[in-house]
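Coordinate inspection notes
Now for the letters of each chain:
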Amino acid sequence: MCCYSTATGQRTKKTTKQMNRTKAWEVCLGIERAEQLAKTGGLTERAAKKILGEILERTTGETLHSHKTADWLDEWLEGKRQTQAKKTIDR
């Protein structure tokens, strides 16, 4: 469990869904950092993605993927090409 103050000053608890105490602490610190940025008006989409990406990398070793719309659609269409008929893909 992570106990922290929200940007509005309210104390709250959330689960980190981590079994490892060190990883849970990393998640909690990230949440707290995001709340502090929100409190000062500095939490932007870019900052939120950066914080979440850092948490993900520290706790799982994976990186947060962010795709451009065209790249994501191309990847999705390539996956469909493997399972759908050619006429369906053309359509």
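Model, not experiment: these values are computed from the prediction. (Residues numbered from 1 in each chain as written. Predicted model: local features only at pLDDT ≥ 70, side-chain atom pairs only at ≥ 80, totals over all residues. Heavy atoms only, no water.)

**So, the overall build of the chain**
- The helix and strand inventory of the chain stands at four helices and two strands.
- For 91 residues, the compact-globule formula gives about 12 Å, and the C-alpha radius of gyration of the chain, at 19 Å, lies well above that figure.
- Once the C-alpha set of the chain is aligned to its principal axes, its extents read approximately 55 × 30 × 20 Å.
- Counting the 91 residues in the chain, one finds 18% classified as buried.
- Summarising the internal contacts of the chain: among those between residues at least 6 apart in sequence, 31% fall at separations of at least 24.
- Both charge centroids of the chain, one from 18 positive and one from 12 negative side chains, sit 6 Å from each other. (Helix = DSSP H or I, 4+ residues; strand = E, 2+ residues; numbered from the N terminus. Rg over C-alpha atoms; globule rule 2.2 N^0.38 Å. Buried < 20%, exposed > 50% of the residue type's maximum accessible area, 1.4 Å probe, protein only. Contact = heavy atoms within 4.5 Å. Lys, Arg positive; Asp, Glu negative; His and termini not counted. Charge placed at Lys NZ, Arg CZ, Asp CG, Glu CD.)

**Considering the state of the cysteines**
- Taken as a whole and judged by the stated rule, the model has one disulfide.
- Across the disulfide from Cys2 sits Cys28; the S-S distance is 2.0 Å. On the sign convention where negative is left-handed, the bridge of Cys2 and Cys28, at about 75° about the S-S bond, is right-handed. Remark: Cys28 occurs in helix α1 (residues 21-40) and Cys2 occurs in strand β1 (residues 2-5); sequence separation between them is 26 residues.
- What makes Cys28 buried here is its relative accessible area of 10%.
- In this model Cys3 remains outside any disulfide bridge; the closest cysteine sulfur is found in Cys2, 6.8 Å from its own.
- Classification of Cys3 as partly exposed rests on a relative accessible area of 40%. (Disulfide = S-S within 2.5 Å.)

**Digging into a nonpolar patch on the surface**
- Residues Trp72, Leu73 and Trp76 make up a contiguous nonpolar surface patch of about 340 Å² in total accessible area.
- One can find Trp72 in helix α3 (residues 69-81).
- Classification of Trp72 by relative accessible area gives partly exposed; the value is 45%. (Patch = residues over 30% accessible without salt bridge, like charges linked within 9 Å, V, L, I, M, F, W, Y side chains within 5 Å. Areas by Shrake-Rupley, 256 points an atom, 1.4 Å probe, with all protein chains shown as cover. Salt bridge = Lys/Arg side-chain N within 4 Å of Asp/Glu carboxyl O.)

**Side note on the confidence of the model for the chain**
- Here the chain averages 90 in pLDDT, while 100% of its residues score no lower than 70.
- Taking the mean pLDDT of every element in the chain, the minimum, 84, falls on helix α4 (residues 86-90) and the maximum, 94, on strand β2 (residues 11-14). (pLDDT = per-residue confidence, 0-100.)

**Remarks on the pairing of β2**
- Sheet topology note: the β1/β2 ladder contains four bridges and is antiparallel. Along β2, the bridge assignment pairs Cys2 with Lys14.
- Hairpin remark: β1 followed by β2, antiparallel, with five residues in the connecting loop; positive phi at Gly9, about 95°. (Pairing = 2+ DSSP bridges.)

**Concerning the side chain of Thr16**
- Within the element layout of this structure, Thr16 appears in the loop between β2 and α1.
- Residue contacts for Thr16: discarding those within four places in its chain leaves Cys2, Ala24, Val27 and Cys28.

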